[in-house]
Amino acid sequence: MIREDFYKDRPAVTVSTDEFSATFLPLDGAKLVSYKNKDGEELMAQMPGEKYLRLGIDSNYIDCECSACDDMFPTIDPCEINGQKYLDHGEVCRMEHSYKIEGDKVAFSVEASEVNSTFAKTVYTDGKSLFIKYRIENHNDFTLPYIWAAHMMLIGEEGAYVESEFSRNDEKRVMFGKPLSIDTAEVLEPFGTNKGYKFYYTDAKAPIKCSVIYPDTNKKISVEFDNDIVKYLGVWMNPGDLNDMYNIAIEPCTALYDDPINAEKGNAASYIDAKGTIEFTLKIDSEIMGGK
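Residues numbered from 1 in each chain as written. Predicted model: local features only at pLDDT ≥ 70, side-chain atom pairs only at ≥ 80, totals over all residues. Heavy atoms only, no water.

### Thoughts on the overall build of the protein
Item 1. Across its full length, the protein carries one helix and 22 strands.
Item 2. Taking 19 Å as the expected radius of gyration for a compact globule of 292 residues, we find that the protein reaches 18 Å, a close match to that expectation.
Item 3. For the C-alpha atoms alone, the extent of the protein along its principal axes is close to 50 × 45 × 35 Å.
Item 4. Across the 292 residues of the protein, 55% fall into the buried class.
Item 5. In the protein, of all internal contacts separated by at least 6 residues, the share reaching a separation of at least 24 is 62%.
Item 6. Roughly 12,100 Å² of accessible area belongs to the protein as shown, and the carbon and sulfur atoms make up 46% of that amount.
Item 7. Taking the 31 positively charged and 51 negatively charged side chains of the protein as two groups, their mean positions are separated by 1 Å. (Helix = DSSP H or I, 4+ residues; strand = E, 2+ residues; numbered from the N terminus. Rg over C-alpha atoms; globule rule 2.2 N^0.38 Å. Buried < 20%, exposed > 50% of the residue type's maximum accessible area, 1.4 Å probe, protein only. Contact = heavy atoms within 4.5 Å. Areas by Shrake-Rupley, 256 points an atom, 1.4 Å probe, with all protein chains shown as cover. Lys, Arg positive; Asp, Glu negative; His and termini not counted. Charge placed at Lys NZ, Arg CZ, Asp CG, Glu CD.)

Shown next as structure tokens:
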């Protein structure tokens, strides 16, 4: 079922089945602002308060509604390439998207004018899983360096951890902060014991598949992609110092190291051909472990 409603004071579109409900904000970057499992438990990290803190073109990202899952495109960190401005945490999460409900699907789109591109996603379900099909069109006469990343902030519980095809021995590059132990960097540390930190696994694995598991409450949320466009994985942990929130975050992405310039230096960049288009699909599932 698809319905138009509100999240806090913002217009929203909610897709729901017996297995989950997912809420998007068309006027706020088409953000996936809420994802609840079959028991109605919220799995996306939430900002407190009744009023939504809107993110504008010139706003400071972390001072606004820094929560849940924003699409980062064409970068995470700000930079300038080929005379085009790549805004902090990307342009598309800061903009109003047009949307249209078409039967059992809802389509969102926006013109990312700073990089002369069209960013679109179509949301649908098979009853069990949530699917988000992305399409990005480069209208430039030159190749577009870019990063797409899902800035997926999930609820924190002590002992929650990221499970993926990467092992603890795989090489990691820490972008900021410092885990108490690099060997257990994928496990959320107790609240208040450390500052936030972020790392990338430096190898590519395609298609990316990963989960966040909550062993104390038997919850699990998983993401999976359908092709090799999204082939890297970032992880960042917030054990309480950012906005007094406690969350675990995954960032599946097309390129490493937070902006296309650094990605290219690290031989881990992504590009869209001149007048070219890329497409990929994200699948999200949740389960109550133990057969409930």
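### Points about the layout of surface pockets
Item 1. Within this model, the largest pocket holds a volume of roughly 270 Å³.
Item 2. When grouped by side-chain class, the residues that make up the lining of the largest pocket number eight nonpolar, four polar and five charged. (1 Å grid on protein atoms, 1.4 Å probe; cavity = no way out; pocket = protein on both sides within 12 Å on 5 of 7 lines; lining within 4 Å. Points joined across faces, edges and corners; volume = space filled by probe spheres on them. Nonpolar A, V, L, I, M, F, W, Y, C, P; charged D, E, K, R; others polar.)

### A short note on the pairing of strand β4 (residues 31-36)
Item 1. In terms of burial, β4 is largely enclosed, as five of its six residues are buried.
Item 2. The pairing of strand β3 (residues 21-25) with β4 spans five bridges and is antiparallel. Paired with Ala22 across the two strands is Tyr35, which belongs to β4.
Item 3. Counting the residues in the hairpin turn of β3 and β4 gives five residues, including Gly29, whose phi is positive at 75°. (Pairing = 2+ DSSP bridges.)

### Quick look at the packing of aromatic side chains
Item 1. Tallied over the full model, the rule gives 17 aromatic pairs.
Item 2. Between Phe20 and Tyr35, the aromatic rings sit 5.5 Å apart at their centres with planes inclined by 10°, giving stacked as the arrangement. Here Phe20, found in the loop between β2 (10-16) and β3, pairs with Tyr35, found in strand β4; they are 15 residues apart in sequence, far enough to count as distant.
Item 3. Since its relative accessible area comes to 2%, Phe20 is described here as buried. (Phe/Tyr/Trp six-rings, centres within 6.5 Å; stacked < 30°, edge-to-face > 60°.)

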